[in-house]
Amino acid sequence: MTQPHIERLPAVLSRLGVSRSSLYKLIQQGQFKAPLKLGPRSVGWLSTDTDDFIASRAQAARMRSAA
């Protein structure tokens, strides 16, 4: 397992395969964690939050396909 690290927006979008507006919609709906404020004009997400989101989506998809 890798060490948790901060991911910036382009990395999160790439890993999730969603657009910027879709990511912020997921945050607004409470489905994805809000970013951490890194400075006056920068934010980032913990890599573990992204990992957890991907794992939960994969598990939900597998459960739907098994039903």
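Chemist: Is there a simple way to think about the environment of Gly44 in this case?
Modeler: Mapped onto the elements, Gly44 comes out in strand β3 (residues 42-46). Judged by relative accessible area, which is 0%, Gly44 ranks as buried. Distance in space between the C-alpha atoms of Gly44 and Leu9 is 6.5 Å, their sequence separation being 35 residues.

Chemist: Explanation requested: the pairing of strand β2 (residues 36-39) in the structure shown.
Modeler: Sheet faces and side chains relate simply in a regular strand, where the side chains alternate between the two faces. Pairing of β2 with β3, which is carried by three bridges, proceeds in the antiparallel orientation. From the neighbouring strand, Leu36 faces β3, where its bridge partner is Gly44. Remark: two residues form the turn of the hairpin made by β2 and β3, two consecutive strands paired antiparallel.

Chemist: Honestly, a nonpolar patch on the surface in this entry has me stumped. Any pointers?
Modeler: There is a patch of nonpolar side chains on the surface, built from Ile6, Leu36 and Leu38 and spanning about 240 Å² of accessible area. Of note, Ile6 is situated in strand β1 (residues 6-7).

Chemist: I keep staring at the nonpolar core and nothing clicks. Help me out?
Modeler: In this structure, Leu9, Val12, Leu13, Leu16, Leu23, Leu26, Ile27, Phe32, Trp45 and Phe53 together form the largest nonpolar core, which totals ten residues. Those elements that place two or more of their residues in this core are α1 (9-16) and α2 (20-28). Per-element tally for this core: the top contributor is α1, with four residues. Apart from the residues lying within four places of it in its own chain, the contact partners of Leu23 are Leu9, Val12, Leu13, Leu16, Val18, Phe32 and Trp45.

Scoring rules and cut-offs
Residues numbered from 1 in each chain as written. Predicted model: local features only at pLDDT ≥ 70, side-chain atom pairs only at ≥ 80, totals over all residues. Heavy atoms only, no water. Helix = DSSP H or I, 4+ residues; strand = E, 2+ residues; numbered from the N terminus. Buried < 20%, exposed > 50% of the residue type's maximum accessible area, 1.4 Å probe, protein only. Pairing = 2+ DSSP bridges. Patch = residues over 30% accessible without salt bridge, like charges linked within 9 Å, V, L, I, M, F, W, Y side chains within 5 Å. Areas by Shrake-Rupley, 256 points an atom, 1.4 Å probe, with all protein chains shown as cover. Salt bridge = Lys/Arg side-chain N within 4 Å of Asp/Glu carboxyl O. Core = buried A, V, L, I, M, F, W, Y, C linked by side-chain atoms within 4.5 Å. Contact = heavy atoms within 4.5 Å.

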